[in-house]
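# A structural walkthrough
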Amino acid sequence: MRLSRAVGAAVLALATCAGASAVVTADAAATPTSQAPGGEATTAAPPGTWPPELALHAAGTGVLLRNTYSGEPTYWQSTTDGHQVTPDCGIGDVRLGDEVACQGPTGLKIRDLASGSIESVALKQGQASLQALSPAQVLVASAGADGRYSLRLLGRAAQAGKDVTVTLPDGLNSFFIAGSDARGALVDYWDDQRVHRLGLVDYATATMKRLPRTSTLSENPADYRIGLGARWIAVADDGHAVTLVSRDDLAVTRALTLDVDPAEMLPVGDWLLAHGRGSGDRAVKAYPVTGGASRPVLDGVDGKLLLGTDGSAYALSTLGGSPRWAVNQVLGEDRGALRVREAAAVPARPANRSSLAFAQGDLSSLHTDLGAYVLGYRTSVRGPVSVSQTPQWRCDDSAGDRYCSKVGGAAGAPVATGDGRIVAIGAGETTGALTVYVRETRPGGAYRTVPLAYGMHDHYILGASGRYLLLRGKENGTERLWVVDIDAGRTLDLKPAAPASLWGAELWQPEGDKGVVTATDLRTGKVTRRVDLGSGCRPYELQVNGGWFYSTCSAQGAGAVAYHLPSGKRIPLSFAEELPAVQLGDGYLVQQRDQGLTLYNLRSGTAVKEHETAQYPSPTGYRRGWVVDAFGGRLAYLDREDALHVVGVTGATSPIAVIDQDLPTTLDARSAGGRQARWWLSKPAASWNLVLRNKATGLSTLVRSGGEARGVIDLTWDGKDQAGRAVSNGTYEWTLTVVPADGHGSRLKATGPVKVAGTGRPGGSRRP
């Protein structure tokens, strides 16, 4: 989210490899493209309320702005029509209104950014210090042999050659320009007697006059603040007292006492603008020079109050209770009036995005601005890649969702479970013990917490699938893994060994050191499947996604291989010596590089480098700045402007499958209103229906049907069929039919036995 950095162009590479064991290296050549072959969609970060990363440096008929994050680009923007000009020497050495002066080895170049005109002023040897600028002259300084400085005014184009030495009241042993405008310059200096003074250079007479010494002028320049206005000069020491000196007659002074210890002051007309020192006291008030009550002017200022060539004040600020930032102008008008208006619009600074969670096409990110909130977006699951431009749901700490930032990733990277929830780990609110925070990803979604056992620390979530979480951390100093059932609110009595991977209700782990992995059914605790990955080693890293496996033999990535169980194909992979972050999707891998991501498509049986991103916010890493939708989905990442990208993958996804189910042996209609059964799916469904076949009569009845389901089918049953008729008690076979939303693969049909009770209709009836 930086205004100064453009999003890098995406890069595409397609490598044609022969055979199932073909190898593609991670640094193979890539062809630039503006779009991923599988499609790509973006949504910009919402505008934030933080101050823009800009600094205001000059104001005339336009304003000169510089990006404070990187220093570039610097631009001048007209306050009349908004057009912009980029100066060729940035903010220059000195500025006056629309003019920027840059000093070179032999002279000055002065560019008028409003008209585009350029003029040069030659410098003689020793006149090497440009100090200030007026419409007709430039103020330069040179040091003499005795260490004293002299000031000279050099004529510009209209007065070429009319150079004059400024008459000084004292010797200048050291000095700096504290402020300047078209009429003169305010000089802060130490004289021959080492007395600290202020002097005002009058360009018209080429003289500098002392300002009267007052109680508000400290011997330590760090202890006071000064402000040069068109009519008045303000001087304040450490405290609330301010002395105002008239520019027309330096003997005329006024004393004011402010209700703040001013951090900055600027006289405008017959008013003094000032704000306090504290970071929370940036609101600007206007104080009448003649005394009296102050009035609020600007809600908050970022940077300095700046004197414009018209004598008014300019500032990057908010105004009138709005969070919108702009360059605002404060004008002192006739009869002591004061007017505030917007002079120039500036681009809003986007809210910082991080902590992505992505499953079943539903994507969320944590946004950090003046507060923290989570926004949820919906991506397409069929056809062209798209992402909603407006959030589908939001949670906000300030709106009473006290767990929002915790579950959104403020404490740790969140993970989407694939059944309409996101989870994260953080400290508990009362005990401080580690706690799993769970939230439904919908408007007004419910929260729940699952406290973990004392002694657990340094935890993070390795994976999530439905109701199960796989955690890695330490217990009393020893690293280990845990499996947590977030529905039951407990840690399972298992002690899995690393590496391990979670998919649905199965926990995959190595068995021995020859490349064999086994699946343990978390509902029964029994090993149900064994797969030989053909690696010949105990996996150092293991990831499972349906029928796809990814494993390595070492931390450096030796023996990296993808394995497709349905076809039995092994797909060797070659990565750099130091293994980068790799995440397995449904038939593809995403590899994190130093400055970007590489997507390898595995669906053809060979590793094809299908897409590369030129950049992403590398410090954030996996789940912070990029994430893979493991459930038949896509890649999502944030670019440097915090725009959210969703990248599709070519080829067919795996067939839809039930990866976990929670179905009682008896469906009891007397527990109406509560959940009766649940099926977790490997990818989104377009539609589904549940049919019961009475084993005694052979009759079938449609119990329920539904439309799109992203990850889970919940059955809440009242004992009646779809038409509202009571179903007979008895023994049935259920059949769940699911149509995949992406159109890939055949319909899913899952079956099993179940008893029906409590419907009020006796068993054996010929009508179900």
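Calculation criteria
Residues numbered from 1 in each chain as written. Predicted model: local features only at pLDDT ≥ 70, side-chain atom pairs only at ≥ 80, totals over all residues. Heavy atoms only, no water. Helix = DSSP H or I, 4+ residues; strand = E, 2+ residues; numbered from the N terminus. Buried < 20%, exposed > 50% of the residue type's maximum accessible area, 1.4 Å probe, protein only. Polar contact = N/O pair within 3.5 Å; in protein donor to acceptor, adjacent residues only side chain to side chain. Contact = heavy atoms within 4.5 Å. Pairing = 2+ DSSP bridges. Phe/Tyr/Trp six-rings, centres within 6.5 Å; stacked < 30°, edge-to-face > 60°. Lys NZ or Arg CZ within 6 Å of the ring centre and 35° of its normal.

## Section: the side chain of Asn-694
Within the secondary structure, Asn-694 is located in strand 63 (residues 685-694). The buried category is assigned to Asn-694, whose relative accessible area is 3%. At 2.8 Å, the side chain of Asn-694 forms a polar contact with the backbone nitrogen of Ala-696. Leaving out residues up to four positions away in the same chain, Asn-694 has contacts with Leu-699, Thr-731 and Tyr-732.

## Some details on the sheet that holds strand 4 (residues 54-59)
Pairing within the open sheet is antiparallel, and its four strands lie in the order 4-5-6-7. The open sheet has two edge strands with one neighbour each: strand 4 and strand 7 (84-85). As judged from the five bridges shared by strand 4 and strand 5 (residues 62-67), these two strands associate in the antiparallel manner. Bridging across to strand 5, Leu-56 finds its partner in Leu-65.

## Description of the environment of Trp-393
Structurally, the position occupied by Trp-393 is in strand 36 (residues 393-396). In this structure, the C-alpha to C-alpha distance between Trp-393 and Val-374, residues 19 residues apart in sequence, is 8.3 Å. When near neighbours in sequence (up to four residues on either side) are disregarded, Trp-393 contacts Ser-364, Val-374, Leu-375, Gly-376, Ile-422, Arg-439, Thr-441, Arg-442 and Pro-443.

## Description of the packing of aromatic side chains
For any pair of aromatic rings, the description consists of the separation of the ring centres together with the inter-plane angle of the planes. Summed over the entire model, instances satisfying the criterion amount to seven aromatic pairs. Taking the centre distance of 5.3 Å and the plane angle of 75° together, the rings of Tyr-149 and Phe-175 count as edge-to-face. One end of the pair, Tyr-149, is in strand 14 (residues 149-155); the other, Phe-175, is in strand 16 (residues 174-180), and 26 residues separate them in sequence. Since its relative accessible area comes to 32%, Tyr-149 is described here as partly exposed. Owing to a relative accessible area of 18%, Phe-175 belongs among the buried residues under this scheme. Ring-pair connections join several aromatic residues into one group, and the members of that group are Tyr-403, Tyr-437 and Tyr-447. Its end group placed over the ring of Tyr-373, Arg-394 keeps NZ or CZ at 4.0 Å from the ring centre.

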